2 protein chains.
Amino acid sequence: MTPQESRPKTEALFARAVSVIPGGIYGHMSPAHSIPEAAPYFAERAEGCRYWDIDGREFIDFMCGFGTMILGYAHAEIESVAAAQRARGNCFNHPTQHFVELAEELTSRIDFASWAVFGKNGSDMTTWSIQVAREATGRKKILMVRGAYHGVDAWCTPGHGGLIPEDRLHVHSFCWNDAVDFKAALDRYRGEIAAVIITPFHHPAFGQSDMPEEGFIETIESSCREQEIVFILDDIRAGFRLHTGGSHRFFGFDPDISCFCKALGNGYPISSAVGREALRVPASKVFLTGSYWNNAVPMAVAKACLRILDRDRVIDHLDAMGRRLIDGLLEVSRRYGIEITASGPPALPYITFAEDRSFRLMQRFCRACMEQGVFFHPHHNWFLSAAHHETDIDQAIDAAELAFSRLNHEN
Amino acid sequence: MTPQESRPKTEALFARAVSVIPGGIYGHMSPAHSIPEAAPYFAERAEGCRYWDIDGREFIDFMCGFGTMILGYAHAEIESVAAAQRARGNCFNHPTQHFVELAEELTSRIDFASWAVFGKNGSDMTTWSIQVAREATGRKKILMVRGAYHGVDAWCTPGHGGLIPEDRLHVHSFCWNDAVDFKAALDRYRGEIAAVIITPFHHPAFGQSDMPEEGFIETIESSCREQEIVFILDDIRAGFRLHTGGSHRFFGFDPDISCFCKALGNGYPISSAVGREALRVPASKVFLTGSYWNNAVPMAVAKACLRILDRDRVIDHLDAMGRRLIDGLLEVSRRYGIEITASGPPALPYITFAEDRSFRLMQRFCRACMEQGVFFHPHHNWFLSAAHHETDIDQAIDAAELAFSRLNHEN
């Protein structure tokens, strides 16, 4: 079947999209960015760990709204909390009690934090945090890991369009897990560095995830303390997926500011930065506001979401389901003589095919899985959710087996 | 009554807020920024043009969620559209049909636009637009009006904390309604200017609104055409409050990109930039994405909101209610020998007291109105909504009369 035959509504709507939206679809699902033609382009509805595209095709979802739907789609408790607050209102001139209660919840949950602020996007918070670091230190330079994703603002976007050299004049990078390279950058800009920003493990798009080697983050941490540099953790993607107190607890280190977003609101838009007492005054001096930043529903939901993560031991579940998925994929791939590698924590796994630099094998694999109703992303880490159960994982492994056999047959 | 007696819950919650949030409340309602002590700090619920704070105090709202609630709080049709989409889902891996349909709606409604993109905050779109201009022109410089508010990103924030000189090295300003000053800036940076960004009228905080003088915007427009500079309209605050096709139609000029936000989603978080065909390719090259940017509910709501704005002739209603309010305030102030000035369009009026440079009179006036259940902001323009009716306006004028008499008595 041609794409026109298998997904006629998608093709028709995408043709309309192309005429009124630059590129038709932008961002991480842009068809211009190596997304297979068989992929769903437009969602129709979702429930649990499954969704349906506008052509009625059902998918087991291993992206979970790019990590936002940690409890699963249409989660009854979350929707009921949201409905209760919505009946009172969402967008006001002012914050609500949830604003204070969520800040209390985060500062009590996150060991080093004594304050919290809120935004909408992850970028809102990473960018604000580097400003707080500049305010606190009176310095300009930011050190980040080469290839790390911290959002779409000019200082860090993976895009190339529209940038000017001044956007990154004071942003310098070092290689992940390379303490020598980090120390060299530190020496090069001694006395000028406001902040070092890292993710808790390295999770670039188009590349394997890389866990921190022993001593690497400790080197960063101790250097920051010694030179009074603000140590920022971008925990937007992994936060509350590895540890209920933030990913620094999982890996055993202590940042000065942590940024959260994805797992906080189960799809209701909210992000947060939390920080140390010593940064409270500089934090109060960097202006932040947005038309919808005080919205009450996402804050009420975030409190509930964190409570459910604890109560239902969701982190253990994500780990177990991720392990089952990885073990199954490794086993069936071996059966067909195909070598794949799983990297990153099981809760956010990243799969690569050996010697697949062009990502063509991975794309063919994902396409074959999509055709069987399993949505794997070809170049971004995947996400498990509380709504994935063993039968869902096993169904995905069965689809993967057929995909491997097809790859094997084609080669 | 002391504030502790008149608003015990507010005082108690604010004390908790101060301990877990820098400054307790940040942004435009920060008590550190000239907000009277009698003000509501935390909202409890809202309906129509009224809301209640956590101490149960009722207010007629003349801020409307800082402009977001153009149809009023808890608008039945909007909430029903939102509920229908929510039952299908909100946050997916993909956009939905609403993404395409809203882009179609905006490009058919806005005369010069052939494409649209969406974000969450106003800043998301103004910042992205200047990047598109830089991409399109290969130039660096941005000209903006001195004191204009385009959001909280480093190139334009009204805050001072955390900035470095490079943030604004290529951002230069000229005075509103001063064509000579504009031309001088244009000459100074000839060949280097990527974009000129303006609001449709000048609406600074802590200052009177200023409508464009004849020929001023035309000078900007023709200069931009002549020098192939991208002309960006920040229509975030005024958009769809003055004209259903965008505020450039109200004033009679033609930008290359317009940014919208406030009136688009009746409180559901969404912003948009729309632009000319010639900018489609550069627009496709400036990466944009956010965890919640494709959320379906705000897009479904925005389509409905625009349709209701047309059907109910909301713009005429905002104008009529704004005029009634201004006329009433002018009349009762005159009765007490107090000179006030109303500036800006009636739908977004801005009130100042003569010779009140410290804003102390305005603060005392607003405090007295708040004590009678009318919420006027002391240094930001106000907003009317579709939910304000003559009786609400008249009640507000009665409260203002008592406030004027009190001011008069105190002086």
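Data block above holds the structure.
Residues numbered from 1 in each chain as written. Chains lettered and ligands numbered in written order. Predicted model: local features only at pLDDT ≥ 70, side-chain atom pairs only at ≥ 80, totals over all residues. Heavy atoms only, no water.

Draft legend 1. How the structure looks around the interface of chain B and chain A. Listed per partner, the contact involves 96 residues of chain B and 96 residues of chain A. Of the roughly 8,000 Å² buried where chain B meets chain A, counting both sides, 59% is carbon and sulfur surface. Remark: the boundary between chain B and chain A carries six salt bridges. Glu104(A) is paired through a salt bridge with Arg16(B); the nearest N and O atoms lie 2.8 Å apart. Between the two partners, chain B and chain A, sit 46 residue pairs in polar contact (both at pLDDT 80 or more). Of all the secondary structure elements, the ones that give two or more residues to the side of chain B that touches chain A are helix 2 (8-20), strand 1 (43-47), helix 3 (64-67), helix 4 (76-88), helix 5 (97-109), strand 4 (115-119), helix 6 (122-137) and helix 10 (280-285) of chain B. (Contact = heavy atoms within 4.5 Å. Buried area = accessible area lost by both parts, 1.4 Å probe. Salt bridge = Lys/Arg side-chain N within 4 Å of Asp/Glu carboxyl O. Polar contact = N/O pair within 3.5 Å; in protein donor to acceptor, adjacent residues only side chain to side chain. Helix = DSSP H or I, 4+ residues; strand = E, 2+ residues; numbered from the N terminus.)

Draft legend 2. Summary view of the pattern of salt bridges. All names here are of chain B. Counted under the stated rule, the structure contains 50 salt bridges over all chains. The residue Glu390 makes a salt bridge to Arg324 at a minimum N-O spacing of 3.8 Å. One end of the pair, Glu390, is in helix 14 (residues 390-410); the other, Arg324, is in helix 12 (residues 314-335), with 66 residues separating them in the sequence. A residue is classified by how much of its surface remains accessible, and Arg324, at 31% relative accessible area, is partly exposed. One salt bridge connects Arg335 with Glu331, and the closest N-O pair in it is separated by 2.8 Å. Placement of the pair is Arg335 and Glu331 together in helix 12, with a separation of four residues, close to one helical turn. Residue classification places Arg335 among the partly exposed residues on the basis of a relative accessible area of 47%. (Buried < 20%, exposed > 50% of the residue type's maximum accessible area, 1.4 Å probe, protein only.)

Draft legend 3. Spatial organisation of unusual backbone geometry. All names here are of chain A. Look at Ala74: it is not a glycine, yet its phi comes out positive at around 55 degrees. Mapped onto the fold, Ala74 is located in the loop between helix 3 (64-67) and helix 4 (76-88). In this structure Ala74 comes out as partly exposed when scored by relative accessible area, which is 46%. Its identity as a non-glycine residue notwithstanding, Phe206 has a phi of 55 degrees, on the positive side.

Draft legend 4. Region of interest: the side chain of His380(A). All names here are of chain A. On the secondary structure map, His380 appears in the loop between strand 13 (374-375) and helix 14 (390-410). By relative accessible area, which is 6% here, His380 ends up buried. When neighbours within four sequence positions are excluded, His380 is seen to be in contact with Met63, Phe66, Arg237 and Tyr350.

Draft legend 5. How the structure looks around the sheet that holds strand 3 (residues 58-61) of chain A. Residue and element names in this part refer to chain A. Taken in spatial order, the four strands make up an open sheet running 1-2-3-13, and their pairing is mixed. Unpaired on one side and paired on the other, strand 1 (43-47) and strand 13 mark the two borders of the sheet. Examined bridge by bridge, strand 1 and strand 2 (residues 50-53) share four bridges and lie antiparallel to one another. From the neighbouring strand, Ala46 faces strand 2, where its bridge partner is Tyr51. (Pairing = 2+ DSSP bridges.)

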